[in-house]
Each structure stands twice: as structure tokens, then as C-alpha cells.
Amino acid sequence: MHTAVFSISLNSEQVLLYYKGKKHRVQVRTREGFTMSLPYDILLQHVTREGIHGTFEISYSDDGKLGDLRRLS
């Protein structure tokens, strides 16, 4: 498994677009400099009234299958 670290900052209005189904994927840039397109569902457990904010580490396989997502800060 590989890992990538990224930071995300979505305010409550931006999160609402995903909640309403108007958007389904979140595009992030990793610290390593590449772009990942993540399904919004993987971030659900980290939604607060203020939105989604923090630094996360995600694991993924050689074929791109996502593994665990954990909040670093």
C-alpha cells in the first residue's frame, strides 16, 4: 500500500453541494505534488458544522483502490 498526505479546507456551503448530490468527487493536491480525485463519501466522517478542514493521510493500492483515510491534524 502507498500513502499520500493532503490538506483540505471546504466551508459548510461547499460541503452542502456534495450533500445535495451536485458534486460527487473532491479533487485534492497531495504534498508530493500530484492530484487525487476522491469520492466525497470517504470524507463524511470528518464533516463538521464548519465544513471539512484538516490534513489527512490516505492509503491506496498499486491499482488505485483507496484504503484507509486518517486525520493527521
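Quick note: structure is the one above.
Below: a short report on this structure. (Residues numbered from 1 in each chain as written. Predicted model: local features only at pLDDT ≥ 70, side-chain atom pairs only at ≥ 80, totals over all residues. Heavy atoms only, no water.)

### Looking at the nonpolar core
In terms of nonpolar packing, the biggest core is built from 18 residues, with Phe-6, Ile-8, Val-26, Ile-52 and Ile-58 touching the most fellow members. Where this core is concerned, the elements lending two or more residues are strand S1 (2–11), helix H1 (12–19), strand S2 (25–29), strand S3 (35–39) and strand S4 (51–60). (Core = buried A, V, L, I, M, F, W, Y, C linked by side-chain atoms within 4.5 Å. Buried < 20%, exposed > 50% of the residue type's maximum accessible area, 1.4 Å probe, protein only. Helix = DSSP H or I, 4+ residues; strand = E, 2+ residues; numbered from the N terminus.)

### Looking at the sheet that holds strand S5 (residues 66–71)
In space, the 3 strands of this open sheet follow the order S1-S4-S5, with antiparallel pairing throughout. Looking at the sheet topology across the chains shown, the edges are occupied by S1 and S5. Each adjacent strand pair in this sheet contributes to an overall mean axis angle of 30°, direction not counted. Taken together, the 10 bridges between S1 and S4 define a ladder with antiparallel strand orientation. Bridge assignment links Leu-10 to a residue of S4, and that residue is Ile-52. Strands S1 and S4 of the sheet are contacted by H1, whose axis makes an angle of about 110° with S1. (Pairing = 2+ DSSP bridges. Axes fitted to C-alpha atoms, helices over the stretch in contact; angles between N-to-C directions. Contact = heavy atoms within 4.5 Å.)

### Describing the pattern of salt bridges
If you walk through the whole model with that rule in mind, you get 1 salt bridge. Two residues, Glu-57 and Arg-70, come together in a salt bridge whose shortest N-O distance is 2.9 Å. Of the two residues, Glu-57 sits in strand S4 while Arg-70 sits in strand S5, which places them 13 residues apart along the sequence. (Salt bridge = Lys/Arg side-chain N within 4 Å of Asp/Glu carboxyl O.)

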